[in-house]
Amino acid sequence: MKISGGESRRRTFSRKLRDGVRPPLARLRQSVFSMLGDRVEGAHVLDLFAGSGTFAFEALSRGARSAVLVESDPRIARELDGAVEELGLRARCRVVRSDALGQSLPGRLRVLRDEVPWTMAAFDIVFVDPPFALCREAAGAEKLARRVDELLGGDLVAERGVVVFRQPADVDAIVAREPASVRSFGKSVVSFLEPRGAAEEDGGDR
């Protein structure tokens, strides 16, 4: 895998991609980070369904202060942890082996932010990049919508934070909340969603 921007641009890290892991293409990542712009510098990042880890690693390369990667598959989580070591990111990055949709995850993240050596009041950027098969299941889509809504309405996302949600283009919008912006990338659609307070405050400027 190759990082496409920032201080680690063109640097590669070893990953054996498992079935169902779809690393976002470099063009998509570049467009997403171009839209995020200055939000990335100094940001605390959460990467749910981390998979290849490229969103989080790209963010760290582009100036994010810290990243937490959540991955349920133990083999993938171990490989991600190896990539963290390989890229020299141990001081700014943690891998959490957990179900991104599990009821215990919010509590685990709150405990983690009290334990790690960074000051993490809340996450500034949350990447939610679930398996497309999960998006196509009615029950899976419902759980995803609920988790994103919980993030946007809770204390894990900063007041001026953003949730970047990727889903297949051939599925109706999973998250009901009106996104701040939406971009299509071939078979993917990426929505940028903001906490309710921020969205209402900025509503008149759109």
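Bear in mind the structure is a predicted one, so any value in this text is a computation, not a measurement.

So, how was this worked out
- Residues numbered from 1 in each chain as written.
- Predicted model: local features only at pLDDT ≥ 70, side-chain atom pairs only at ≥ 80, totals over all residues.
- Heavy atoms only, no water.
- pLDDT = per-residue confidence, 0-100.
- Helix = DSSP H or I, 4+ residues; strand = E, 2+ residues; numbered from the N terminus.
- Buried < 20%, exposed > 50% of the residue type's maximum accessible area, 1.4 Å probe, protein only.
- Pairing = 2+ DSSP bridges.
- Expected span 1.5 Å × (residues − 1).
- Arc of directions from axis to C-beta.
- Contact = heavy atoms within 4.5 Å.
- Polar contact = N/O pair within 3.5 Å; in protein donor to acceptor, adjacent residues only side chain to side chain.
- Core = buried A, V, L, I, M, F, W, Y, C linked by side-chain atoms within 4.5 Å.
- Salt bridge = Lys/Arg side-chain N within 4 Å of Asp/Glu carboxyl O.

**Points about the confidence of the model for the protein chain**
Okay, step 1: Summary statistics for the protein chain give a mean pLDDT of 86 and a share of 83% for residues scoring 70 or more.
Okay, step 2: Here helix α7 (residues 196–202) stands out as the element of the protein chain with the lowest mean pLDDT, 58, in contrast to strand β4 (residues 123–128), whose mean of 97 is the highest.

**Examining the pairing of strand β7 (residues 188–193)**
Looking along a regular strand, one sees the side chains alternate between the two faces of the sheet.
Okay, step 1: Within β7, six of the six residues are buried, leaving the element largely enclosed by the surrounding structure.
Okay, step 2: Alternating positions in β7 separate into two faces, S188, V190 and F192 on one and V189, S191 and L193 on the other, with burial throughout.
Okay, step 3: Bridge count between strand β5 (residues 157–168) and β7: six bridges; the pairing is antiparallel. Across the sheet, residue Q167 finds its bridge partner in β7, namely V189.

**Remarks on helix α3 (residues 74–86)**
Okay, step 1: Between its terminal C-alpha atoms α3 stretches 18 Å, which fits the 18 Å expected from 13 residues at 1.5 Å a residue.
Okay, step 2: All of the buried residues along α3 are I76, A77, E79, L80, A83 and V84. Buried residues of α3, viewed axially, fall in a sector of 160 degrees; they line one side. Pointing more than 90 degrees away from the buried face of α3 are the exposed residues R78 and E85.
Okay, step 3: Buried residues along α3 sit in contact with α2 (54–61), β2 (66–71) and β3 (93–97).
Okay, step 4: By the N-cap criterion, in which a side-chain oxygen at the helix start approaches the backbone nitrogen of a residue two or three places on, α3 is capped by D73, the distance to R75 being 2.9 Å.

**Describing the nonpolar core**
Okay, step 1: If you look at the biggest cluster of nonpolar residues, it comprises 32 residues, and the most contacted ones within it are V32, L36, F57, L69, I125 and F127.
Okay, step 2: For this core, the secondary-structure elements that each account for two or more residues are α1 (26–36), α2, β2, α3, β3, β4, β5 and β7.
Okay, step 3: Discounting chain neighbours no more than four positions away, the residues touching F127 are V32, F33, L36, V45, L46, D47, L48, F55, A59 and V164.
Okay, step 4: Of all hydrophobic cores here, the second largest spans 31 residues; its members include V96, L105, L134 and L144.

**Some points on the side chain of D47**
Okay, step 1: When you line up the elements, D47 lands in strand β1 (residues 44–48).
Okay, step 2: Since its relative accessible area comes to 1%, D47 is described here as buried.
Okay, step 3: In this view, D47 contacts G53, F55, A56, V68, L69, V70 and F127; residues no more than four positions away in its chain are not counted.

**Focus: unusual backbone geometry**
Okay, step 1: Phi is positive for F49, close to 55 degrees, though the residue is something other than glycine.
Okay, step 2: Looking at where F49 falls in the secondary structure, it is placed in the loop between β1 and α2.

**Brief notes about the pattern of salt bridges**
Okay, step 1: Applying the stated rule across the entire model yields 13 salt bridges.
Okay, step 2: Across the pair D155 and R113 runs a salt bridge, and its minimum N-O distance is 3.5 Å. With a gap of 42 residues between them, D155 in the loop between α6 (138–153) and β5 and R113 in helix α4 (residues 105–115) connect regions that are remote in the sequence.
Okay, step 3: A salt bridge links D149 to R177; its shortest N-O distance comes to 3.3 Å. Separated by 28 residues along the polypeptide, D149 in helix α6 and R177 in the loop between β5 and β6 (181–185) bring together distant segments of the chain.
Okay, step 4: For R177, a relative accessible area of 15% gives the class buried.
Okay, step 5: Because the salt bridges share partners, they merge into one network encompassing R29, E58 and R62.

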